[in-house]
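So the chains spell out like this:
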Amino acid sequence: MKAYFRSALVALALILPTQSHADYIPPGYEWVGMLDANIGGSKFRLFSAANAGDEISDLYYTNEYDPNRGTTEKIYTVQASVMLDRQAEHINPTVSFEFKRIGSSWRLKPLRVFLIDDTWDLPMAADPASGFGKIAVRNLRFNPVDGRIRFNLSATLVRIDMDSYAEVPRAGSVRVIGCYKGTFPGFALQNPRIFGDD
């Protein structure tokens, strides 16, 4: 499980490596989503992108095995990043939202939120099932047929250590409030994304 989270978070850095501002996008890519957010008191507009030719997307799903229930569940991930012109100013938030699909219904249950604000090994996160952070989602709408998704989110994130997947004591917290709207590309709905264990 730790290897999955680390691989998924590192993959966040690979989606939008060359974009400098919102009206520019490399050949083969398209914008598929946008997050307007207040992160720790600062306002950001973050973007999601996809490349159908290479089947790379900031919106995707994975199959995650639950050993407690003995079932495999679909986990839908929505990621959004700041552009490189802001990163050059040492402003580097990347946000990842994870939802579990409830059976074959159109309903999603919020699971986890990650915020990469400084280092990949020590992100801010909320995973209530693991005992840290808080998540509240409102107005969640998801259509698994055309891939459209939108939601309002409010979360309290704490610093965690990815090696132990546990909260770092006395490392503070950050509040994330935002509204996301996007569309899963067709290829990202048809096939799960697979991460390696290394």
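Provided above is the structure to which this section pertains.
Position numbers for residues count from 1 along each chain, tracking the sequence in the order it is written. For a predicted model such as this one, the threshold for reporting local features is a pLDDT of at least 70, and the threshold for listing and counting side-chain atom pairs is 80 or more; totals across whole chains, interfaces and linings nevertheless cover every residue. Side-chain calculation: all heavy atoms of the structure are included, whereas hydrogens and water are not.

## Observations regarding the overall build of the protein chain
Quick note on the threshold: Helix and strand labels come from DSSP, where a helix needs a run of H or I of at least four residues and a strand needs a run of E of at least two; each type is numbered from the N terminus. When checking whether two residues touch, look at their non-hydrogen atoms; a contact exists if any pair is within 4.5 Å. The Shrake-Rupley method, run with a 1.4 Å probe sphere, supplies the accessible areas, and residue values consider only the shown protein chains as cover.
If you tally the helices and strands in the protein chain, you get three helices and twelve strands. When contacts within the protein chain are restricted to residue pairs at least 6 apart in sequence, long-range pairs at least 24 apart make up 56% of them. As displayed, the protein chain offers around 10100 Å² of accessible surface, 50% of which is attributable to carbon and sulfur atoms.

## Some details on the pattern of salt bridges
Note the following rule: Here a salt bridge means any side-chain nitrogen of Lys or Arg lying within 4 Å of a carboxyl oxygen belonging to Asp or Glu. A simple rule labels every residue: compare its accessible area, found with a 1.4 Å probe on the protein chains alone, to the largest value its type can have, and call it buried under 20%, exposed over 50%, or partly exposed in between.
Counted according to the given criterion, the structure contains seven salt bridges. Across the salt bridge formed by Glu-64 and Arg-112, the nearest N and O atoms sit 3.1 Å from each other. You can see Glu-64 sitting in strand E4 (residues 59-66) and its partner Arg-112 sitting in strand E7 (residues 108-116), a full 48 residues away along the chain. A relative accessible area of 14% places Glu-64 in the buried class. Three or more residues are tied together by salt bridges with common partners; here these are Glu-64, Glu-98 and Arg-112.

## What to know about the packing of aromatic side chains
For clarity, the threshold we go by: Stacked, tilted and edge-to-face pairs are distinguished by plane angle, under 30 degrees for stacked and over 60 for edge-to-face with tilted covering the rest, among Phe, Tyr and Trp rings (Trp via its six-membered ring) whose centres lie within 6.5 Å. A positively charged side chain is recorded as over a ring if its NZ (Lys) or CZ (Arg) lies within 6 Å of the ring centre. The angle to the ring normal must also be within 35 degrees.
If you walk through the whole model with that rule in mind, you get nine aromatic pairs. Summarising the aromatic geometry, the rings of Phe-97 and Phe-151 are spaced 5.2 Å apart at their centres and angled 80° between planes, so their arrangement reads as edge-to-face. Remark: Phe-151 occurs in strand E10 (residues 148-161) and Phe-97 occurs in strand E6 (residues 94-101); sequence separation between them is 54 residues. For the pair Phe-97 and Phe-151, a shared accessibility class is recorded, and that class is buried. With a centroid separation of 5.6 Å and an interplanar angle of 20°, the aromatic rings of Phe-151 and Tyr-180 are classed as stacked. Here Phe-151 is found in strand E10, whereas its partner Tyr-180 is found in strand E12 (residues 173-183), with 29 residues between them in sequence. Tyr-180 carries the same exposure label as Phe-151, and that label is buried. A network of ring pairs unites the aromatic residues Tyr-61, Tyr-76, Phe-142 and Phe-184 as a single cluster. Residue placement shows Lys-74 over the ring face of Tyr-61; its charged tip is 5.0 Å from the ring centre. Looking at Arg-193, its charged tip hangs above the ring of Tyr-60, at a distance of 4.8 Å from the centre.

## Let's talk about the pairing of E7
On a regular strand, each side chain points to the face opposite its neighbour's, so the side chains alternate between the two faces of the sheet. Stated formally: Here, a strand pair is defined by DSSP locating no fewer than two bridges between the strands.
A large share of E7 lies buried, amounting to seven of its nine residues. The pairing of E6 with E7 spans eight bridges and is antiparallel. Bridge pairing links Arg-101 to Leu-108 in E7. Between E6 and the antiparallel strand that follows it, E7, lie six residues; Gly-103 among them carries a positive phi value of about 60°.

## Overview of the environment of Val-137
Position of Val-137 relative to the elements: it lies in strand E9 (residues 134-142). C-alpha of Val-137 to C-alpha of Pro-110: the two residues are 27 residues apart in sequence and 7.1 Å apart in space. Aside from chain neighbours lying at most four places away, what touches Val-137 is Phe-99, Pro-110, Phe-151, Asn-152 and Leu-153.

## Some thoughts on the pairing of strand E5 (residues 71-81)
Taking burial as the measure, the eleven residues of E5 include eight buried ones, the bulk of the element. Taken together, the eight bridges between E4 and E5 define a ladder with antiparallel strand orientation. Of the residues in E5, the one forming a bridge with Tyr-65 is Thr-72. Between E4 and the antiparallel strand that follows it, E5, lie four residues; Gly-70 among them carries a positive phi value of about 70°. Strand direction decides the pairing type here: E5 and E6, joined by seven bridges, are antiparallel.

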